[in-house]
Amino acid sequence: MHADAVPPPPPVAAPRRPAGPARPARRRTVAAWALWDWGSAAFNAVITTFVFTRWLTSDAFVEPEVAAAGGAALDAALAEHSTWLGWGLTAAGAAIALLAPVAGTRADGSGRRRRGLAVHTSVTVVLCAAMALVRPDPDALTANLLLGIALLATANLTFELASVHYNALLPRVATPATLGRVSGIGWGAGYLGGIVLLLVLFVGFIDPEVGWFGVTPADGANIRVAVLLSAVWFAAFAVPVLVAVPDDPAPAAARRAAGASGARAGWRAAVGAYRQVAADVRDLWRTSRSTVLFLLASAVYRDGLAGVFTFGAVIASGTFGFSASEVVVFAIAANVVAGVSTVLAGLLDDRVGPRALVVAALAGLVVAGVATFLLADAGAAAFWACGLLLCVFVGPAQSASRSLLTRLAPPGRESQLFGLYATTGRAASFLAPLAFATFVAVSGSQRWGILGLVLVLALGLAALLPLQLPAARVPARAPRPGGGAR
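Rules behind the numbers
- Residues numbered from 1 in each chain as written.
- Predicted model: local features only at pLDDT ≥ 70, side-chain atom pairs only at ≥ 80, totals over all residues.
- Heavy atoms only, no water.
- Helix = DSSP H or I, 4+ residues; strand = E, 2+ residues; numbered from the N terminus.
- Buried < 20%, exposed > 50% of the residue type's maximum accessible area, 1.4 Å probe, protein only.
- Areas by Shrake-Rupley, 256 points an atom, 1.4 Å probe, with all protein chains shown as cover.
- Polar contact = N/O pair within 3.5 Å; in protein donor to acceptor, adjacent residues only side chain to side chain.
- Contact = heavy atoms within 4.5 Å.
- Salt bridge = Lys/Arg side-chain N within 4 Å of Asp/Glu carboxyl O.
- Phe/Tyr/Trp six-rings, centres within 6.5 Å; stacked < 30°, edge-to-face > 60°.
- Axes fitted to C-alpha atoms, helices over the stretch in contact; angles between N-to-C directions.
- Parallel < 35°, antiparallel > 145°, perpendicular 65-115°, else oblique.
- Left-handed = near helix turned anticlockwise from the far one by under 90°.
- Nonpolar A, V, L, I, M, F, W, Y, C, P; charged D, E, K, R; others polar.
- Expected span 1.5 Å × (residues − 1).
- Patch = residues over 30% accessible without salt bridge, like charges linked within 9 Å, V, L, I, M, F, W, Y side chains within 5 Å.
- Core = buried A, V, L, I, M, F, W, Y, C linked by side-chain atoms within 4.5 Å.

Novice: Explanation requested: the overall build of the chain in the structure shown.
Specialist: Each helix and strand counted, the chain has 18 helices and 0 strands in total. Counting the 486 residues in the chain, one finds 52% classified as buried. Summed over its atoms, the accessible surface of the chain is roughly 20200 Å², and 68% of this surface lies on carbon and sulfur atoms.

So this is what it looks like as C-alpha cells:
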C-alpha cells in the first residue's frame, strides 16, 4: 500500500462497543442531530418528490403550441423530458456509488465526519437555492430544463455524501442500548418535517392563485419561491448538529497521515483511499461475510421501499382514480403515518433488535402490497386503507436498517460502512423501476406493477432471512442514565 494511503483501520470483526464508558444520549444532543433529518425533508419532499421534480417533468417546460395541442405530441415531449431526468439521476447515482465509500473511508481516517457533513450539506443548500434560477422561459425552455436536471442530479450526489457522514454520527449521539430509539426519532423527524414544510408551501405559495407576498404561478414564481425557502429551511435546521455533536477523535497517526497527504498530493490520498476501500471489502468478506451479505440484501429491499413512495402516487392516480389534490392529501397523511410509526418502532428496535424489526416490517409490506393488488377494483377507500398500512411499515424498515448497520460497524469505521451502504443501495436502484415497468408492460395493466414492487421487497426479505448477524444483537439493558433520551 502507498505510504500516503489512509492507514488500515482495526479489523472488521472488532466488537461494536465504544472505548470507555457508554455516553448518555442527552436529549439536547439527540434533538440537534435529528433536526438535520427534519431539515433534509426540504430536499426529499420538496425538491425530489412532490414539487421541483414534478414541475420539471410537467408541461411547463414543453413548447406552448405542443402543450396547447395535447395528445400524442405532448405525451412524447413529457416522456423525453422524463428520460433526460432519468439519465441525469442515473449519472448522479453512478457518481455516488464511486465516491461514497471513499468519502466515508477518508472521514473515518481523519475523524472529520462533522466537517464532511458541513461541506456537503452547504453545497446541497447552495444547489437547491440555485434551482430558483430555473424558469420556463419560452425562448430557452430546453436550456432551463437541462439546468434544472443538472442542479438536481448534482444535489442528489452531495446530499447522499452528506448522509454518509450524518448517519455515521449516530454512535456519537446514542448509546448501544438506544441506537434504535434515536435512529427512529431522526427518521420520524424527517417525515414530520416534510409534512410541516409541504403544508406551509402548499397553503402559502403552490395552491392559491395569489399566494403570500403576492407570489403567483406566473413564470413558475410560486415553485421557485418554494424551492428557495426550502433551501433556507434546510440550512437553518442543519446548523444544530454541527454545533452540538462532536467528532470522534482520530488517531494521531491518522491525523498526521491525512495532513501530510493533503499537503503533498491530494490525488495520492484519493488513490490510497480507493485501495483502502478494496482492502476493506476483502477484509469484510473474510471476517464478517454476513455484513457484506446484509449490505446486498438491504440494497434490494431498500430499493423496493423507495419504489413504494416513487410509484405510490402513480398507482393512486392510474389504478385507483385519485385526483391530483387527493394525491397530495394522501401524501401528507402517508407521511404522518410513516413518521409516527417510525418513532414508535424505534422504541421497539432497542427491545427486540433491529433485524427482527426489519424482517417484520418487510413481511408486513409484502402482505399489504398483495392486499393492494387484490383490492385494486375496490376504489379509493381500499387504497387509503392499504396505502396507509404500507406506510406503517416503510419508515420502521428504513430506520431499523440504519440502526442495524450502526450496530454492525466496528468503532471508528462508521462512515466507511455507511459509504458502502450508499454504494450498494445505488447499485440496485434500477430494480424497483424495472420490476414495475416489466410487470405493467407484460400485463398491459398498471395494477400488475404493484406485484413488481412486492417482488422486489420479497426478494430482499428472502436474502435477509438466512443471515446470522450476532453483532447486531441488542446489548444488555443498563439502568437509564439521568440525562438519557426518553
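Now that the structure is up, let's keep going.
Novice: It is not clear to me how the side chain of arginine 447 should be interpreted in this structure. Could you clarify?
Specialist: Along the chain, arginine 447 turns up in the loop between helix H17 (431–443) and helix H18 (449–464). Of the polar contacts made by the side chain of arginine 447, one reaches the backbone oxygen of phenylalanine 373; its length is 3.0 Å. There is a polar contact of 3.1 Å between the side chain of arginine 447 and the side chain of aspartate 377. Residues within four places of arginine 447 in sequence aside, it is in contact with Thr319, Phe373, Leu374, Ala376 and Asp377.

Novice: Could you clarify how one ought to interpret the pattern of salt bridges in this entry?
Specialist: Opposite charge on two side chains permits pairing when their charged atoms draw close. This structure, assessed with the given rule, holds 5 salt bridges. Between arginine 135 and aspartate 137 there is a salt bridge whose closest N-O contact spans 3.6 Å. With a relative accessible area of 30%, arginine 135 lands in the partly exposed category. In this structure, arginine 407 and aspartate 349 form a salt bridge, with 3.2 Å as the shortest nitrogen-oxygen distance. Residue arginine 407 is located in helix H15 (residues 380–408), and its partner aspartate 349 is located in helix H13 (residues 324–352); the two are separated by 58 residues in the primary sequence. Aspartate 349 carries the same exposure label as arginine 407, and that label is buried.

Novice: Can you walk me through the packing of aromatic side chains in this structure?
Specialist: The description of an aromatic ring pair rests on the distance of the ring centres and on the angle between the ring planes. Taken as a whole and assessed by the stated rule, the structure comprises 16 aromatic pairs. A ring pair is formed by phenylalanine 320 and phenylalanine 383, whose centres lie 4.9 Å apart and whose planes are at 50 degrees; its orientation type is tilted. Placement of phenylalanine 320 in the loop between helix H12 (289–318) and H13 and of phenylalanine 383 in helix H15 is noted, with a sequence separation of 63 residues between them. Here phenylalanine 320 matches phenylalanine 383 in class, with each residue buried.

Novice: How should the packing of helix H1 (residues 27–50) against helix H9 (residues 221–244) be read in this particular structure?
Specialist: Helix-helix packing is described using two parameters, namely the angle between the two axes and the distance between the axes. For the pair H1 and H9, interaxial distance at closest approach is 7 Å and the crossing angle is 160 degrees. The orientation of H1 relative to H9 falls into the category roughly antiparallel. Relative to H9, H1 is oriented so that their crossing is left-handed. Contacts between H1 and H9 pair Thr29, Ala32, Trp33, Leu35, Trp36, Trp38, Gly39, Ser40, Ala42, Phe43, Val46 and Ile47 from the former with Ala226, Val227, Ser230, Trp233, Phe234, Phe237, Ala238, Pro240, Val241 and Ala244 from the latter. Class assignment for the residues of the contact of H1 with H9 results in 18 nonpolar, 4 polar and no charged.

Novice: Teacher, can you tell me more about the packing of H1 against helix H6 (residues 141–168) here?
Specialist: For the pair H1 and H6, the least separation of the axes is 12 Å and the interaxial angle reads 160 degrees. Looking at the two axes, H1 sits roughly antiparallel to H6. At the point where H1 passes H6, the crossing takes the left-handed sense. Together, Trp33, Ala34, Trp36, Asp37, Ser40, Phe43, Asn44, Ile47 and Thr48 of H1 and Leu152, Ala155, Asn156, Phe159, Ala162, Ser163 and Tyr166 of H6 make up the contact between the two elements. A per-class count over the contact of H1 with H6 returns 10 nonpolar, 5 polar and 1 charged.

Novice: Would you take a moment to explain H15 for this structure?
Specialist: In an α-helix, one turn spans 3.6 residues; hence positions three or four apart end up facing the same way. An ideal rise of 1.5 Å per residue puts 42 Å on 29 residues; H15 measures up with 42 Å between its terminal C-alpha atoms. Of all 29 residues in H15, 21 are buried, a share of seventy percent or more.

Novice: Got a minute to help me understand a nonpolar patch on the surface in this structure?
Specialist: Where nonpolar side chains cluster on the molecular surface, the patch consists of Leu192, Val336, Val340, Leu344 and Leu347 and spans about 380 Å² of accessible area. Per element, the largest residue contribution to the nonpolar patch is 4 residues, and it comes from H13. One can find leucine 192 in helix H8 (residues 179–206). Accessibility expressed as a relative area gives 31% for leucine 192, which makes it partly exposed.

Novice: Sorry if this is basic, but what is going on with the nonpolar core here?
Specialist: Soluble globular proteins tend to bury their nonpolar side chains together. Within the largest apolar cluster, 52 residues are counted, with the highest numbers of intra-cluster contacts made by Phe294, Leu362 and Leu464. Counting residues per element, the ones that place at least two in this core are H12, H13, helix H14 (354–374), H15, helix H16 (414–427), H17 and H18. Here this core takes 10 residues from H15, the largest share from any one element. Contacts of leucine 362, omitting those with residues within four sequence positions, involve Tyr301, Leu457, Leu461 and Leu464.

Novice: Would you take a moment to explain H18 for this structure?
Specialist: When the terminal C-alpha atoms of H18 are compared, their 23 Å separation across 16 residues agrees well with the 22 Å that a helix rising 1.5 Å per residue should span. Taken together, the buried positions of H18 are Gly449, Ile450, Leu451, Gly452, Leu453, Val454, Val456, Leu457, Gly460, Leu461 and Leu464.

Novice: Just checking my understanding: could you explain the environment of leucine 453 for this structure?
Specialist: Note on placement: leucine 453 falls in helix H18. Residue classification places leucine 453 among the buried residues on the basis of a relative accessible area of 7%. Sequence separation between leucine 453 and tyrosine 301 is 152 residues, and the spatial gap between their C-alpha atoms is 9.6 Å.

Novice: How do you make sense of unusual backbone geometry when you look at a structure like this?
Specialist: In terms of backbone geometry, most residues other than glycine have negative phi values and most peptide bonds are trans. Residues other than glycine seldom take positive phi values, yet phenylalanine 213 does so here, at roughly 60 degrees. Looking at the secondary structure, you find phenylalanine 213 in the loop between H8 and H9. Unusually for a residue other than glycine, aspartate 219 sits at a positive phi of about 60 degrees. Note that aspartate 219 resides in the loop between H8 and H9.

Novice: Help me understand the environment of threonine 154, please; the structure alone is not making it clear to me.
Specialist: By secondary structure assignment, the location of threonine 154 is in helix H6. Owing to a relative accessible area of 35%, threonine 154 belongs among the partly exposed residues under this scheme. Linking threonine 154 and leucine 127, residues 27 residues apart in sequence, is a C-alpha distance of 7.7 Å.

Interpretation in functional terms is not warranted from these geometric data alone.
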